[in-house]
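# Per-entry structural report
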There are 4 protein chains.
Amino acid sequence: MTLPDFNTAADEICRAGMLLDARNMAPATSGNYSMRLNDGAFAMTVSGHHKGRLVPANIMRVDARARPLEDKKPSAEALLHAQIYRLFPATNAILHVHSVPGAVLTRLLKEDVVLEGYEMLKIFPGIATHDVRVVIPVVGNSQDMEELSAELSKKIKGDVPAYLIRDHGFYVWGDTMESCVNMCEALEYLFACEVETLKIKAGARA
Amino acid sequence: MTLPDFNTAADEICRAGMLLDARNMAPATSGNYSMRLNDGAFAMTVSGHHKGRLVPANIMRVDARARPLEDKKPSAEALLHAQIYRLFPATNAILHVHSVPGAVLTRLLKEDVVLEGYEMLKIFPGIATHDVRVVIPVVGNSQDMEELSAELSKKIKGDVPAYLIRDHGFYVWGDTMESCVNMCEALEYLFACEVETLKIKAGARA
Amino acid sequence: MTLPDFNTAADEICRAGMLLDARNMAPATSGNYSMRLNDGAFAMTVSGHHKGRLVPANIMRVDARARPLEDKKPSAEALLHAQIYRLFPATNAILHVHSVPGAVLTRLLKEDVVLEGYEMLKIFPGIATHDVRVVIPVVGNSQDMEELSAELSKKIKGDVPAYLIRDHGFYVWGDTMESCVNMCEALEYLFACEVETLKIKAGARA
Amino acid sequence: MTLPDFNTAADEICRAGMLLDARNMAPATSGNYSMRLNDGAFAMTVSGHHKGRLVPANIMRVDARARPLEDKKPSAEALLHAQIYRLFPATNAILHVHSVPGAVLTRLLKEDVVLEGYEMLKIFPGIATHDVRVVIPVVGNSQDMEELSAELSKKIKGDVPAYLIRDHGFYVWGDTMESCVNMCEALEYLFACEVETLKIKAGARA
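All values reported here derive from a predicted model rather than from experimental measurement. (Residues numbered from 1 in each chain as written. Chains lettered and ligands numbered in written order. Predicted model: local features only at pLDDT ≥ 70, side-chain atom pairs only at ≥ 80, totals over all residues. Heavy atoms only, no water.)

Here we take up the interface of chain A and chain D. Opposite the 29 residues of chain A that make contact, chain D presents 30 residues. Buried area between chain A and chain D, both sides added, is near 2400 Å², and the carbon and sulfur share of it is 58%. Three residues, E119(A), Y189(A) and I200(A), lead the burial of chain A against chain D; their summed loss comes to 26% of the area buried on that side. Inspection of the region where chain A meets chain D yields 4 salt bridges. (Contact = heavy atoms within 4.5 Å. Buried area = accessible area lost by both parts, 1.4 Å probe. Salt bridge = Lys/Arg side-chain N within 4 Å of Asp/Glu carboxyl O.)

This is the structure in structure tokens:
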């Protein structure tokens, strides 16, 4: 895998934002995206911009601890990106997005989200059959990134490169930005299937 | 903050309409949008045009009391815009949009809409944590703008720059048109989360 | 009102198809659209084409009784267009579209669809307030256009220029194609609000 | 019917992917598409690409038993395409897509999916009235294509050119790619109507 330079990464991040926004995973200024660069630094979205309408000037360079390498402000959540790159060194790209069905599932369920039996689960690395039970960990939201990071390090096992933050959104990570966009689309589809099924089951069960 | 001239404001209003229509917040000829101009007047959408297909000729100049400064007809609701500019003098842009989940919430709930625990709430000015309870006031609809305006002046406190009109739509205001579009997207996401959650809870509770 | 020539009408019909398809009101080859021409004939969509990807060659000329004036085949439902032009002579454009929430309402409700209290109702000609009760007639579907036409002539009163056919779709008519597209968007919004509200009420009531 | 050469077929397959992705039937890398060529071979999507962003290089030639005729890898499901071409020799194009409402129906219902009374059913060849009961067979998912193929040969009768795989997606086939895209849009509409109706009925019945 050849790692990209900053300009190539910035273009890929802008394009990812357009694709995700078209599927309603980037409302308002939500989300933050990053990629590992060929010089050891990372490209990351600057805080406060709409991800569906990014230009390269909205992307900045940070180091492995998410500290700015230029005079722009990364999201507070940049620390969660740094944590993933540290825990899973094969990671080259990370997407954090908001999602209506993802948020709804975390509001309704006290436990982790379980996805079972879907062909679509084969999008995740290492999964070769629908006949599998995949657990997407859910952590409580916090504005204290140290606290959130500590809770995450207990919960995420890395068998599936994704987790949900309650009432907030989800993270995915992978070896390319393309695979991350695909995992976002797959999770949005899977969460939508779960929410749609729950609506009918909740009424029928009553 | 530099205020725009009429042509710049008209372009921003047309663009806002395209963005909001793409997210289904501008069906038929619904909605009206305005911006404060650098000469003390206001740019406002002319009544009766589709907001997703606006051209600058569909934008007009009005004064601080929403009276036309050219031979075109503003919406009757222009008075509600004037009220917001008067009550909250830092306001430079206002959007009024229709919304399926927003209308559904006001049809179902007798009270104001309460949004609690969502990360997305941080889009509102002055809110720095998800751990907050935000009340979006709901007022009854009326075709008498004086009556509606009087009810609004009792209900809106300005802590959150948004209110809902029952069976109708919502208003947001802010210092830029960009921030208003972002707040519309955020509210649509939040209202959708609430409606989706209610569907499952209503069935499960029965 | 200046009536269009065939080429202008064909362009307007193609554009209407793109707008309606973008809102999911033209799946597969469903729907048919027509306009009154300045020479007394009518422009109508040829049977069997996708309405979101129309070209002018997919539009044909028919007479006031929906008989082809060129060697192409209009939809069997062209007779329903002719009926509307005959019953309501001020009509210059007609749209028939399919709609998920519209079809769902006719499957669930035995009666006509009642829309009450919505600001959006003001899109219909002659309605100046939300404080109104609008009845959209529902007729049973039939492949016999004479039978369907006879049932329609009993049901439609023309106070609101729209009716639903059960498990099928809806018709709207007006003085311009633009007003018809707006009424389609308004009805889709209103039917969606009704269906979304019913989902929550059905569960809560159980 | 003139069969296409490879380049024409590849263009049609790329376009079908864009249309289906725009309606959310191609999340992540899901789906696979094929067409019969004028030299007796078949054009088929290469495994692992996003169907909404296909380029001709993502299409390959395979023989009638789905064996690669060039150095690229077809999907494992290519065998299911070969089966359909063998069972129904008039078939010139096949689409396999994922669908949220389609997957939800197969998760909820133990039986085949029954579609009854919809005008939209007339999109299927040989159906001339809404007053009909169409059965879309559902087969259990399997990663063993021989097993899946054997179950399918028992279930599919070909009266309607479509079947569902549980928790997975659906197949349609026809004489042109255009007719296949139309049938996908029609099924998505019909499945959505069924799911929306079930949501309200489940709550009301409880």
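Okay, the sheet that holds strand β8 (residues 162–165) of chain D next. Whether parallel or antiparallel, the strands of a sheet pair through hydrogen bonds between backbone atoms. Residues and elements named next belong to chain D. Spatial strand order, β3-β2-β1-β4-β9-β8-β7: 7 strands in an open sheet with mixed pairing. Whereas interior strands pair on both sides, the edge strands pair on one side only; in this sheet they are β3 (59–62) and β7 (138–139). Where helix α1 (residues 6–22) meets the sheet, it contacts β1 (32–36), β2 (42–45), β3 and β4 (93–97), and its direction lies at approximately 145° from that of β1. (Pairing = 2+ DSSP bridges. Helix = DSSP H or I, 4+ residues; strand = E, 2+ residues; numbered from the N terminus. Axes fitted to C-alpha atoms, helices over the stretch in contact; angles between N-to-C directions.)

Moving on to the interface of chain B and chain A. Contact with chain B, which involves 29 residues of that partner, is made by 30 residues of chain A. Carbon and sulfur atoms make up 58% of the surface buried where chain B meets chain A, a total of about 2400 Å² over both sides. Three residues stand out in chain B for area buried against chain A, namely E119(B), Y189(B) and I200(B), and they jointly supply 26% of the buried area on that side. E196(B) serves as the salt-bridge partner of K199(A), at 2.6 Å between the closest nitrogen and oxygen. Taken together, the connections running from chain B to chain A amount to 14 residue pairs in polar contact (both at pLDDT 80 or more). Every element with two or more residues in the side of chain B that touches chain A is listed here: α1 (6–22) and α5 (177–205) of chain B. Take the side of chain B that touches chain A: its biggest share by element is 15 residues, from α5(B). Taken together, the residues of the side of chain B that touches chain A sort by class into 13 nonpolar, 6 polar and 10 charged. (Polar contact = N/O pair within 3.5 Å; in protein donor to acceptor, adjacent residues only side chain to side chain. Nonpolar A, V, L, I, M, F, W, Y, C, P; charged D, E, K, R; others polar.)

Our focus in this paragraph is the environment of A103(B). If you trace the backbone, A103(B) turns up in helix α3 (residues 100–108). For the pair A103(B) and F88(B), spaced 15 residues apart in sequence, the C-alpha separation works out to 25 Å. Apart from the residues lying within four places of it in its own chain, the contact partners of A103(B) are D167(B), Y189(C) and C193(C).

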